[in-house]
2 protein chains.
Amino acid sequence: MSEIKDKAIQAKAITYSLASMSTEQKNQALEAMALELEQDTDQILAANAQDLLHGRENGLTDSLLDRLTLTSERIQDMALGLRQIVELDDPIGEVMEKFDRPNGLKIEKQRVPLGVIGIIYEARPNVTVDAAGLCLKTGNASLLRGSSTAIHSNKAIVQTLQKALEGIGYVKEAVQLIEDTSREAASELFTLNDYVDVLIPRGGASLIKTVVASSTIPVLETGVGNCHIFIDESAKAEMATNIVVNAKTQRPSVCNACETVLIHRNWAKQHLPNLLDQLHQHHVSIVGDEELREWDASSEIAEHKDWAEEYLDLKLAIRLVNSTEDALAHIRKYGTHHSEAIISESDEHVVAFLNGVDAAAVYHNASTRFTDGFEFGFGAEIGISTQKLHARGPMGLEALTSTKYKIYGEGQIKS
Amino acid sequence: MSEIKDKAIQAKAITYSLASMSTEQKNQALEAMALELEQDTDQILAANAQDLLHGRENGLTDSLLDRLTLTSERIQDMALGLRQIVELDDPIGEVMEKFDRPNGLKIEKQRVPLGVIGIIYEARPNVTVDAAGLCLKTGNASLLRGSSTAIHSNKAIVQTLQKALEGIGYVKEAVQLIEDTSREAASELFTLNDYVDVLIPRGGASLIKTVVASSTIPVLETGVGNCHIFIDESAKAEMATNIVVNAKTQRPSVCNACETVLIHRNWAKQHLPNLLDQLHQHHVSIVGDEELREWDASSEIAEHKDWAEEYLDLKLAIRLVNSTEDALAHIRKYGTHHSEAIISESDEHVVAFLNGVDAAAVYHNASTRFTDGFEFGFGAEIGISTQKLHARGPMGLEALTSTKYKIYGEGQIKS
């Protein structure tokens, strides 16, 4: 049997015992994992050094190498992350609804774990700890499938986590790493519907697309964000400028960063030069229509793909529009249903925009950068869902749960 | 462009206007649809006669022909079904959560339509009306893909529904029928992720399996039920017998009917002969292990597939077990996560069973036949979900909705 099927079967087999773990047991396991990470820092750093060596040999970019790099501080942060999960309320077991039927049946809707969660992710080894911790707190078994570039780090980390679990008598198969990082193994994972309940891809657009297209297991789709900000004619100049600069430059590499700004022509007449100045000062390169060159001779002409792309870089598309409806039409064509914002002082336009945009998060007079589990106060985040089923927007612990109806009778039969 | 892509694009294009329809407008549309169905009864019956003629020529079974047959009474029932949907609360627009963040952002989580829902279903033409009505009430556009055997009936029905919508100035593309019932058209539908938000298969196991395996669009999986009843040693004899007979015979063709009974040996010693008598009186044929033949010489030997199959017929598998754990092990091996019941007077065993079974609905001392939107008091049902994401168990109107975060600021930027 393949490694992956074997581990999936083992994971499924323990879901029943994981589902009955008490909050105290789960918190104890998280605490043990945090402690063991701290104690094994040297081994983990040694394994990480191997990955970095391979990475340099294989010509990984500096930014990828940076994401791959662990330090004792970053390992300390992983341990801290686990301890923060300890502090979160345990959603499992919560009775969400309770109702009696005329025939005397008593019905309860209770929150239960999903079962086995497959997480498919890219270079960052901290995702290993983060995903394992969130799944554990929600009584789920995690099957972690990181990238080949981080395999030594991930192996060392999961070994440490499993040692911690064994040390306190917890089921160590609650957290498993898939060590075979081949494409074939991934393809096999995509069809293990009998053992894996949900797949969550965490990474770039192409990873997510592959999982969505290939998996017969339900997928929690996360993260591609081609986010827009629409500056309405009534927008306050300074507020709009600050928000655009923030949403573009504060951290350009993340999914809730802004990629396109749509500007009402009446606002542009007065305030566009200053906005462009500010963006140039922040080293943002601009693309746009022919018309934009009248305002900014240095801007490049945007092709279709430029309006559709998630740059994740200091690059911004700008288009002038005549109305809220024009802005909506543009977003409906190019948006990815992640985060969209309107800067406006007109109630009518705000309502039309917030209702008319089909996205997980829609903003009035704020930066799109707030779409994030921590900013929403969830205390944790497994990703940002851009699909419409199950969970939409930042996903906290509840997104990792399902429900079960318990029905209590006294011999009721259907007549 | 293919019919199906064309209709999907049209459906997507109107989702924004459908999302803003008021409850009154939607109810008016439902009422108009009901009235028009009544007025067009003759045309619909004439179209149905064509389908029945083709069906007989093509050798459809009597039970399939019965499901396909419309009468003026059945059309009246469809109209009544729409009027019942009028009476239901409109979930769209509901603010589910509302919270303020320390930085002053005000966040609201609001219920919104899913968008475009593809429904793929088999012979029963009443599903056409039912699905169209439920989607309309929740502000969704429906793309209906019925079977070729019902194509004339479905065409006539959708024509009538669209005439009703046009008559009151509603968007008629809110309800569309896919007239191309070829496999190729279905395959195309499965990958229209840009236009279709969710697919819901309603029909037999093989239809559902095909959709789950082939669709890259998120699927709401419904319905296969290999439901078990476990009779614990402490079960009251009459209650257990009545429940099993009811769950098996009251309507054997539905997904919440019982297919396998697991019986504690101590209970069997005293009460199995009477249970077998009752089942035989109801013309139920029995399959089981070699051991069962000592009790019922007429029973057939069950093979692996007999434990796994959803009979949907007057056939029942029976196995004797030694404990609740044995029963759980059997259900974990063969169950389809639909509905499972324990008949018992032991609190300990009841708790172990209800927590230990992984199913949408778990029963204590009641028939599995109650897993149903109407029995749960939802007033409507689009199907029974056996998956764990989004909705599990009977799905009412809320299962046809998604959510959207609306965030109100005063210029907040991320620091």
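Residues numbered from 1 in each chain as written. Chains lettered and ligands numbered in written order. Predicted model: local features only at pLDDT ≥ 70, side-chain atom pairs only at ≥ 80, totals over all residues. Heavy atoms only, no water.

Under the annotation held in an unreviewed UniProt entry, chain A carries the name Gamma-glutamyl phosphate reductase and is attributed to Alkalicoccobacillus porphyridii. Entered under Pathway (unreviewed entry) in the UniProt record, the comment concerning chain A runs "Amino-acid biosynthesis; L-proline biosynthesis; L-glutamate 5-semialdehyde from L-glutamate: step 2/2." Under the UniProt heading Catalytic activity (unreviewed entry), the note attached to chain A is "L-glutamate 5-semialdehyde + phosphate + NADP(+) = L-glutamyl 5-phosphate + NADPH + H(+)". (UniProt positions renumbered as here; feature names shortened; annotations may be inferred.)

Chemist: Provide a residue-level description of the sheet that holds strand β8 (residues 258-264) of chain A, including the pertinent values.
Modeler: Spatially, the ten strands line up as an open sheet ordered β10(A)-β9(A)-β11(A)-β8(A)-β7(A)-β12(A)-β13(A)-β16(B)-β2(B)-β1(B), and their pairing is mixed. Because the sheet does not close on itself, it has two edges, and the strands there are β10 (300-301) of chain A together with β1 (95-100) of chain B. The sheet contact formed by strand β2 (residues 106-113) of chain B and strand β16 (residues 401-412) of chain B spans eight bridges and is antiparallel. Note on β16(B): the bridge partner recorded for Ile107(B) is Ile407(B). With respect to the sheet, helix α11 (residues 265-281) of chain A is in contact with β7 (227-231), β8, β9 (285-288) and β11 (315-321) of chain A, its orientation differing from that of β8(A) by roughly 145°. (Pairing = 2+ DSSP bridges. Helix = DSSP H or I, 4+ residues; strand = E, 2+ residues; numbered from the N terminus. Contact = heavy atoms within 4.5 Å. Axes fitted to C-alpha atoms, helices over the stretch in contact; angles between N-to-C directions.)

Chemist: Explain the relation of the copies chain A and chain B to me, using residue names and the numbers behind them.
Modeler: Here the second copy of the chain follows from the first by a rotation about an axis and a shift along it. With an axial shift of 0.0 Å and an RMSD of 0.0 Å, the rotation relating chain A to chain B amounts to 180°. A rotation of that kind, with that shift, is consistent with a two-fold axis. Across chain A, the smallest distance between a C-alpha and the rotation axis is recorded for His390(A), namely 1.8 Å. Both copies contact each other with a shared surface, as 100% of the interface residues of chain A are interface residues in chain B too. (Least-squares fit on C-alpha atoms with pLDDT ≥ 70 in both.)

Chemist: For the packing of helix α2 (residues 23-39) of chain A against helix α3 (residues 41-57) of chain A, give the residues involved together with the corresponding values.
Modeler: All names here are of chain A. Where α2 contacts α3, the two axes come as close as 5 Å, and the packing angle between them is 65°. In this view, α2 runs roughly perpendicular relative to α3, as classed from their interaxial angle. Facing α2, whose interface residues are Leu37, Glu38 and Gln39, α3 presents Thr41, Gln43 and Ile44. (Parallel < 35°, antiparallel > 145°, perpendicular 65-115°, else oblique.)

Chemist: Talk me through the UniProt feature "domain: Aldehyde dehydrogenase" (unreviewed entry) in chain A; I want residue IDs and the actual numbers.
Modeler: Taken from the UniProt record, the annotation "domain: Aldehyde dehydrogenase" (unreviewed entry) applies to residues 10-284 of chain A. Structurally, residues 10-284 of chain A comprises 52% helix and 16% strand, and the distance from its first C-alpha atom to its last is 50 Å.

Chemist: Describe the domain arrangement of chain A, listing the residues and the values that go with them.
Modeler: All names here are of chain A. Partitioning chain A into structural domains gives domain 1 (3-220 + 382-408) and domain 2 (227-370). Relative to domain 2, the C-alpha centre of domain 1 lies at a distance of 35 Å. Taken together, the contact pairs seven residues of domain 1 with eight residues of domain 2. Summed over both partners, the interface of domain 1 with domain 2 comes to about 570 Å²; 53% of that surface belongs to carbon and sulfur atoms. Three residues, Ile384, Thr386 and Arg392, lead the burial of domain 1 against domain 2; their summed loss comes to 70% of the area buried on that side. Applying the counting rule to domain 1 against domain 2 returns two salt bridges. The residue Lys388 makes a salt bridge to Asp358 at a minimum N-O spacing of 2.9 Å. For the pair domain 1 and domain 2, the number of links is two residue pairs in polar contact (both at pLDDT 80 or more). By residue class, the composition of the side of domain 1 that touches domain 2 is one nonpolar, three polar and three charged. (Domains from an automatic or database assignment. Buried area = accessible area lost by both parts, 1.4 Å probe. Salt bridge = Lys/Arg side-chain N within 4 Å of Asp/Glu carboxyl O. Polar contact = N/O pair within 3.5 Å; in protein donor to acceptor, adjacent residues only side chain to side chain. Nonpolar A, V, L, I, M, F, W, Y, C, P; charged D, E, K, R; others polar.)

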